[in-house]
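The chain contents come next:
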Amino acid sequence: MANGDLSLSILGLLGEGPMHGYELKGRILEMSGHLRPVSDGALYPAIARLERAGLVARHEEEGTAAARRQVLTLTEEGRAELWRRLSEPADLDISDQTRFFGLLAFLAQLPDPAAQARVLRRRLDFLETPAGFFYRDGRPLRAEEVADPFRRGMLLVARATSAAERQWLREALATLEGPDVRSVSGACGPER
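Residues numbered from 1 in each chain as written. Predicted model: local features only at pLDDT ≥ 70, side-chain atom pairs only at ≥ 80, totals over all residues. Heavy atoms only, no water.

(A) Representation of the packing of aromatic side chains. Using the criterion set out here, one finds two aromatic pairs in the structure. On the numbers, 6.5 Å between centres and 50° between planes, the contact of phenylalanine 100 with phenylalanine 101 is tilted. Since its relative accessible area comes to 0%, phenylalanine 100 is described here as buried. Taking the centre distance of 6.2 Å and the plane angle of 55° together, the rings of phenylalanine 133 and phenylalanine 134 count as tilted. (Phe/Tyr/Trp six-rings, centres within 6.5 Å; stacked < 30°, edge-to-face > 60°. Buried < 20%, exposed > 50% of the residue type's maximum accessible area, 1.4 Å probe, protein only.)

(B) Spatial organisation of the pattern of salt bridges. What the rule picks out here adds up to 13 salt bridges. Residue glutamate 16 is joined to arginine 27 by a salt bridge in which the shortest nitrogen-to-oxygen separation is 2.7 Å. With glutamate 16 in the loop between α1 (3-15) and β1 (19-20) and arginine 27 in helix α2 (residues 21-32), the pair connects residues that are 11 residues apart, well separated along the chain. According to the relative accessible area criterion, glutamate 16 is partly exposed, its value standing at 23%. Measuring nitrogen to oxygen at the nearest pair gives 3.9 Å for the salt bridge that ties arginine 27 to glutamate 30. With arginine 27 and glutamate 30 both in helix α2 and three residues apart, the pair spans about one turn of that helix. (Salt bridge = Lys/Arg side-chain N within 4 Å of Asp/Glu carboxyl O. Helix = DSSP H or I, 4+ residues; strand = E, 2+ residues; numbered from the N terminus.)

Written out as structure tokens, the structure reads:
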């Protein structure tokens, strides 16, 4: 997991509530699965960087056993940074599907439905721009134009995935931008 992804995951998960490092690591692993495991050698230095920046605070609490445990919380500055990163994602966070899904996992924490909609609109605009994996004479090739069955498979899967995502984005935007606009974070955010 890249530093940008990891720091957003830490901020986003702590935005849902305080937790200790081991719990935080478990939640990140649940989100990223076996494809992008996070090691202690990446997680704890990332937490330390966020602490030094004043975005995360640490305090001790009684543990379930005799040992005390370190609990991490998001500071007000950390929440502001989380909201900034959610409302103003980098171009790569919009164009890269894995990074976009990482952003999407926490978008409900952004309290402004209009800001949520702007992020989804950027992703939809990106997906509606013609692109492909393989080109001829400067234009992307369609699956039907590719003889290699594996490359054709890539294009067919990408087409189906993109169509499903565009449909969901349009539906989500209709909800966010509709006449009865209500905060998605209130509708589907974590229960507290």
